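The chain contents come next:
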Amino acid sequence: MNTPTDLPARLRAALEQADFTYDSVAETLGPLAHAALGRNETTPGLRRTTGGSALETLVRLFLLQTTVPVERAEAALPGLVDELAVAGLLEQSVGEVAARMDVRPYAADEDHFWVVSDLTPGLDGVPQRVGSDYVLGISPASSSLAQLTLRESVGRSLDLGTGCGVQALHLAGHSGRVVATDVNRRALWMTRFNAALNGIADRVEAREGSFFEPVADERFDLIATNPPFVISPATGERLVYRDSGLPGDRVVEDIVRTAPAHLTDGGWCQILANWVIAEDRPWDERLGGWLGEDCDAFVVQREVLDPAAYVELWLKDAGHHPSTGARDVDDYHARYDTWLSWLEEQGVEGVGFGWINLRKHGRTDGPRQELIEWPYDVEQPIAQAIGAWADGVRAEVGPASRLVLREDVLQETQGAPGAEDPATVVLRQQRGLRRARQVDTVEGALAGACDGELTVGQLLDAISDVLDRDPAEIRATYLPSARELVAEGFLTLADA
Ligand SMILES: C[S@@+](CC[C@H](N)C(=O)[O-])C[C@H]1O[C@@H](n2cnc3c(N)ncnc32)[C@H](O)[C@@H]1O
């Protein structure tokens, strides 16, 4: 696409002038229309944007995907309509202008961006299939990865499979330089356009090529990726934004196996992914087999879908609805049947979704690995808790360590009414991963006493005294518990 180099900057000026920000759009739409648009329904929004202001025109054009009179478009985008049409963002017909790409403000924590992507398909329930080179905009998956990604300042970061460049925009906020790769040229065009639109073109470099190919000999401090991870028989048309063309979950396995070679010591690779849950093997054992020696790994399975629910989800995503006419119903059944029987043949019992966090440890004492199933609500953004995990599993806890109970940890007890002692005691974090851990009397007493004053050894000796137990046996049994409590984030080193 042939784009004047100053077009993104002039578009930005027009968007600023119109106050086309996340908050102003939300205010213009109001909670009802905003929520409806979140469900892909435009009618309430159309009712709220009849005033003709530049802001309302942009909302109607780009978010509600309705045509606007050419003079309104000219007023909202002064001197830009023709050029935006040439660049492929708009389409003009007699007296009217329609959007051909999505332009929207996007806010996440402290970050505020404008993002150009392909139009959201399927507004108002109209079945709409997208082309093979469709470029995804802000999605629940992209937001999840943005919330997972560590935001410490780094030198170089990599956005693998950049799409419209949303991760690259985030990464540019705390990286000296960002490399963004994709095989889809339209995606790379949008990434460059978005970098320029947001005034960070000097820090984002978009490169064409498959996965790590364009960065063959390079290392990064941070890699963030939401790869095309959909697990499908690859019989139909490949939708490049979600299908890798590789069998099963090979794309995720390849990234997990290859990423460590592209990380600096202390560097992170954070992956949002689907993986196969095989009939004959526990999921964590299978994924554990992909992990190498040089990275600590924290894998969190957030959700599991059975094969039928998985097929339905992704057929719907591609606009396959059995909603109109017999042909569509037959087509839907055929696709569903092909996909489901392929999953069955592959021995797929379910599909896991979650986070794979790898941190290159740069040490000689082997990796620390934890693979957990944690489908519960967590505090977002979760990034900080992921960073804390890496510190916790590497903390050196011995009898001389002074530990502190994390401030947000509460104790829950359960038992029969009137009983002298509770039947179970659970420590529960209120923040971060919000982990829970059932503890016995000694662990509970230790956690409660950890205020950074006495050492773990002194506390365990005092507890054995109170319980009239052998101090050597208590130390031998509960020093490992103290280490686990630190690794799981209930306790931290006092001088950390
Ligand atoms: C699910 S989208 C993620 C887009 C964006 N990073 C986000 O977080 O929303 C996956 C991206 O990977 C790209 N992709 C597909 N196959 C690829 C490959 N072999 N190498 C690099 N990128 C690829 C797609 O074009 C698409 O942009």
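Residues numbered from 1 in each chain as written. Predicted model: local features only at pLDDT ≥ 70, side-chain atom pairs only at ≥ 80, totals over all residues. Heavy atoms only, no water.

Focus: the nonpolar core
Soluble globular proteins: nonpolar side chains tend toward being buried together. Judged by nonpolar contacts, the single largest core of 122 residues is most densely connected at Leu-77, Leu-89 and Ile-356. Two domains each put at least three residues into this core: domain 1 (7-99) and domain 2 (140-394). If sequence neighbours within four positions are ignored, Ile-356 has contacts with Val-252, Val-256, Cys-269, Gln-270, Ile-271, Ala-273, Trp-275, Leu-287, Phe-298 and Val-299. (Core = buried A, V, L, I, M, F, W, Y, C linked by side-chain atoms within 4.5 Å. Buried < 20%, exposed > 50% of the residue type's maximum accessible area, 1.4 Å probe, protein only. Domains from an automatic or database assignment. Contact = heavy atoms within 4.5 Å.)

Concerning the site of the ligand
Surveying the vicinity of the ligand reveals 18 residues, the closest of which are Gly-161, Gln-167, Asp-182, Ser-210 and Phe-211. Contact distances for the ligand include 3.2 Å between an oxygen atom and a side-chain N or O atom of Asn-226. Alone, the ligand offers 590 Å² of accessible surface; in the complex the protein occludes 96% of this. For the shell around the ligand, the residue count by class is six nonpolar, nine polar and three charged. (Near = heavy atom within 4 Å. Polar contact = N/O pair within 3.5 Å; in protein donor to acceptor, adjacent residues only side chain to side chain. Areas by Shrake-Rupley, 256 points an atom, 1.4 Å probe, with all protein chains shown as cover. Nonpolar A, V, L, I, M, F, W, Y, C, P; charged D, E, K, R; others polar.)

Some points on the packing of helix α15 (residues 441-449) against helix α17 (residues 471-487)
Put simply, α15 and α17 touch, their axes get as near as 11 Å, and they point 60° apart. When the interaxial angle is binned, α15 and α17 end up oblique. By crossing handedness, the relation of α15 to α17 is classed as right-handed. Here Val-442, Glu-443 and Leu-446 of α15 lie close against α17, whose contacting residues are Ile-474, Tyr-478, Ser-481 and Ala-482. Residues that form the contact of α15 with α17 fall into these classes: five nonpolar, one polar and one charged. (Axes fitted to C-alpha atoms, helices over the stretch in contact; angles between N-to-C directions. Helix = DSSP H or I, 4+ residues; strand = E, 2+ residues; numbered from the N terminus. Parallel < 35°, antiparallel > 145°, perpendicular 65-115°, else oblique. Left-handed = near helix turned anticlockwise from the far one by under 90°.)

Digging into the domain arrangement of the chain
Taken as a whole, the chain is organised into domain 1 (7-99), domain 2 (140-394) and domain 3 (403-493). Domain 1 puts seven residues into the contact, and the matching count from domain 2 is six residues. Carbon and sulfur atoms make up 78% of the surface buried where domain 1 meets domain 2, a total of about 510 Å² over both sides. Among the residues of domain 1 in contact with domain 2, Pro-8, Arg-12 and Leu-89 are the three that bury the most area, contributing 69% of the side total. Along the contact surface separating domain 1 from domain 2 lie zero salt bridges. (Buried area = accessible area lost by both parts, 1.4 Å probe. Salt bridge = Lys/Arg side-chain N within 4 Å of Asp/Glu carboxyl O.)

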